[in-house]
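Structural overview for review
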Amino acid sequence: MKMFTILLMSFLVIAAGVGTGQPLVPALIIMGDSVVDAGNNNRLTTLVKANFPPYGRDFFDHNATGRFTNGKLATDFTAENLGFTSYPVPYLSQDANGTNLLTGANFASGASGFLDATALLYNAITLNQQLKNYKEYQTKVTNIVGRERANETFSRAIHLLSTGPSDFLQSYYINPILNRIFTPDRYSHRLMKSYTTFIQNLYGLGARRIGVTTLPPLGCLPAAITMFGGAGNNTCVERLNRDAVSFNTKLNNTSMSLTNMLPGLKLVVLDIYNPLLSMVVNPVENGFFESRRACCGTGTMETSFLCNARSVGTCSNATNYVFWDGFHPSEAANRVIANNLLLQGIPLIS
């Protein structure tokens with residue numbers, strides 16, 4: 001079955017781009033949190049950074065670019081799958097200028113969420129500010145290629161949004177006031193309001209092809225197990241996973257409503273919950289050895305500045321691990337996720 005999936009994916013990509021030698025879409029726009037941040041947080045005054053070893057040790061030239069993993073992000077593999085020869089540049093980086101912007105940009109920021117309040121807790125770039133940065137980006141592209149070509153680029157570009165875990169793990173679950181005011185269901189409903197406004201605003205800026213990822217199995221992240229699983233527990237925290245499933249149902253329903261409401265919009269919900277859960281529950285079948293403990297340090301909690309060159313116990317071969325640090329997948333897991341995203345995202349290409 002896995003071989004069939006790979007062959008089908010290859011056929012669809014080749015069939016869509018045959019004879020052109022060009023990417024399948026004109027540009028790739030990335031927004032969201034640390035799962036897709038390619039280095040924007042490097043430019044911020046925040047503790048949520050990954051521009052130091054051992055992050056990036058398996059990336060080109062072993063370079064810690066600010067990606068929260070040992071190598072490539074799922075969106076890096078997505079760019080490759082779409083036929084791009086480079087990755088969308090982090091918008092706050094020095095490389096985000098001139099023709100480098102014509103094939104897209106990355107606006108994501110580690111610790112951002114659907115709610116601006118989540119990002120502000122960690123001095124990250126809020127989703128609203130990411131949208132403002134995208135509007136500024138549009139002006140720069142328009143000045144380079146002209147309005148007609150620019151508008152065509154924006155409407156045919158794939159816009160990917162990946163956010164939400166920080167709203168729960170780094171805000172709701174650890175904030176007794178939020179816990180008291182909102183049930184998980186009501187909190188998810190609040191996030192849906194922000195999501196709806198975001199999609200409407202992005203649509204208003206000309207985006208017509210948008211992919212949004214679901215929440216992952218929150219209760220299976222190594223740091224979540226450590227924080228919320230109880231002493232000695234090494235299994236997924238089902239309460240958190242139930243909240244994620246409930247949220248994802250709302251995300252699907254809300255996205256369907258938005259698609260029906262906004263003419264010409266292709267809005268695809270990309271499931272990362274089940275592919276990642278499969279890797280956690282059946283690691284060997286998916287090509288992994290370890291799925292409960294992360295590679296970095298003790299593998300139970302370390303992320304960002306706690307995952308550093310002095311972290312004791314960091315694994316020597318991250319390809320065996322589903323998770324790189326307490327919150328983020330390894331490059332090997334990101335490859336699996338990206339392949340799943342490509343298959344699910346075919347409507348955004350056609």
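Residues numbered from 1 in each chain as written. Predicted model: local features only at pLDDT ≥ 70, side-chain atom pairs only at ≥ 80, totals over all residues. Heavy atoms only, no water.

The name given to the protein in an unreviewed UniProt entry is GDSL esterase/lipase At5g03820-like, with the source organism recorded as Camelina sativa. Its UniProt record gives the protein the following Sequence similarities (unreviewed entry) comment, quoted word for word: "Belongs to the 'GDSL' lipolytic enzyme family." (UniProt positions renumbered as here; feature names shortened; annotations may be inferred.)

In terms of regular secondary structure, the protein is built from 13 helices and six strands. On C-alpha atoms alone, the protein measures out to a radius of gyration of 19 Å, which is about the 20 Å that the 2.2 N^0.38 rule sets for 350 residues. Its C-alpha atoms give the protein principal-axis dimensions of roughly 60 × 45 × 45 Å. Scored against the burial criterion, the 350 residues of the protein give a buried share of 55%. For the protein, contacts bridging at least 24 residues in sequence account for 72% of all contacts bridging at least 6. When the accessible surface of the protein is summed, it comes to about 15100 Å², and 56% of that surface belongs to carbon and sulfur atoms. Averaging the positions of the 26 positive and the 21 negative side-chain charges in the protein gives two centres separated by 6 Å. (Helix = DSSP H or I, 4+ residues; strand = E, 2+ residues; numbered from the N terminus. Rg over C-alpha atoms; globule rule 2.2 N^0.38 Å. Buried < 20%, exposed > 50% of the residue type's maximum accessible area, 1.4 Å probe, protein only. Contact = heavy atoms within 4.5 Å. Areas by Shrake-Rupley, 256 points an atom, 1.4 Å probe, with all protein chains shown as cover. Lys, Arg positive; Asp, Glu negative; His and termini not counted. Charge placed at Lys NZ, Arg CZ, Asp CG, Glu CD.)

Orientation of helix α4 (residues 127-145) relative to helix α5 (residues 147-156), taken along the N-to-C sense of each, is 135°, at an axis distance of 7 Å. Between α4 and α5, the interaxial angle falls into the category oblique. Along this stretch, α4 crosses α5, giving a crossing that reads as right-handed. Between α4 and α5, the residues in contact are Tyr134, Tyr137, Gln138, Val141, Thr142 and Val145 and Arg147, Arg149, Ala150 and Phe154, respectively. Classifying every residue of the contact of α4 with α5 by side-chain character gives six nonpolar, two polar and two charged. (Axes fitted to C-alpha atoms, helices over the stretch in contact; angles between N-to-C directions. Parallel < 35°, antiparallel > 145°, perpendicular 65-115°, else oblique. Left-handed = near helix turned anticlockwise from the far one by under 90°. Nonpolar A, V, L, I, M, F, W, Y, C, P; charged D, E, K, R; others polar.)

Our next topic: the side chain of Ser171. Relative to the helices and strands, Ser171 resides in the loop between α6 (165-169) and α7 (176-181). Setting aside chain neighbours within four positions, we find Ser171 in contact with Thr118, Leu121, Ser166, Leu178 and Tyr187.

Turning our attention to α5. Every buried residue of α5 is accounted for by Ala150, Thr153 and Phe154. Projected down its long axis, α5 shows its buried positions confined to an angular sector of 95°, all on one face. Its buried side turned inward, α5 meets α4 and β4 (158-162). (Arc of directions from axis to C-beta.)

Counted under the stated rule, the structure contains five salt bridges. Note that Lys72 is salt-bridged to Glu80, the shortest N-O span being 2.8 Å. Across the salt bridge formed by Asp185 and Lys250, the nearest N and O atoms sit 2.3 Å from each other. Of this pair, Asp185 sits in helix α8 (residues 184-204) while Lys250 sits in helix α10 (residues 238-261), and the two are 65 residues apart along the sequence. Judged by relative accessible area, Asp185 falls into the partly exposed class, the value being 41%. (Salt bridge = Lys/Arg side-chain N within 4 Å of Asp/Glu carboxyl O.)

What follows is about the side chain of Glu290. Tracing the backbone shows Glu290 in the loop between α11 (273-281) and α12 (331-344). In this structure, Glu290 is buried with no salt-bridge partner, the nearest side chain bearing the opposite charge being Arg293 at 4.7 Å. In terms of polar contacts, Glu290 uses its side chain to reach the backbone amide nitrogen of Arg292, at 2.8 Å. Residues in contact with Glu290, not counting those within four places in the same chain, are Asn320, Tyr321 and Val322. (Polar contact = N/O pair within 3.5 Å; in protein donor to acceptor, adjacent residues only side chain to side chain.)

Further remarks concern a nonpolar patch on the surface. Where nonpolar side chains cluster on the molecular surface, the patch consists of Leu47, Phe305 and Leu306 and spans about 320 Å² of accessible area. Along the chain, the position of Leu306 falls in the loop between α11 and α12. With a relative accessible area of 43%, Leu306 lands in the partly exposed category. (Patch = residues over 30% accessible without salt bridge, like charges linked within 9 Å, V, L, I, M, F, W, Y side chains within 5 Å.)

Judged by nonpolar contacts, the single largest core of 91 residues is most densely connected at Met31, Leu82, Tyr137, Phe168, Leu169, Tyr195 and Ile199. What Tyr195 contacts, discounting residues up to four positions off in sequence, is Phe114, Leu161, Val212, Leu251, Thr254, Ser255, Leu258 and Leu267. Ranked by size, the runner-up nonpolar core spans 14 residues in total, among them Ala50, Cys296, Cys315 and Trp324. (Core = buried A, V, L, I, M, F, W, Y, C linked by side-chain atoms within 4.5 Å.)

This next bit is on the packing of α4 against α8. One way to put it is that α4 packs onto α8 with a least axis distance of 11 Å and a crossing angle of 5°. Comparing their axes, α8 and α4 come out roughly parallel. Listed contacts from α8 to Leu127, Leu131 and Tyr134 of α4 are Phe198, Asn201 and Leu202. The class makeup of the residues in the contact of α4 with α8 is five nonpolar, one polar and no charged.

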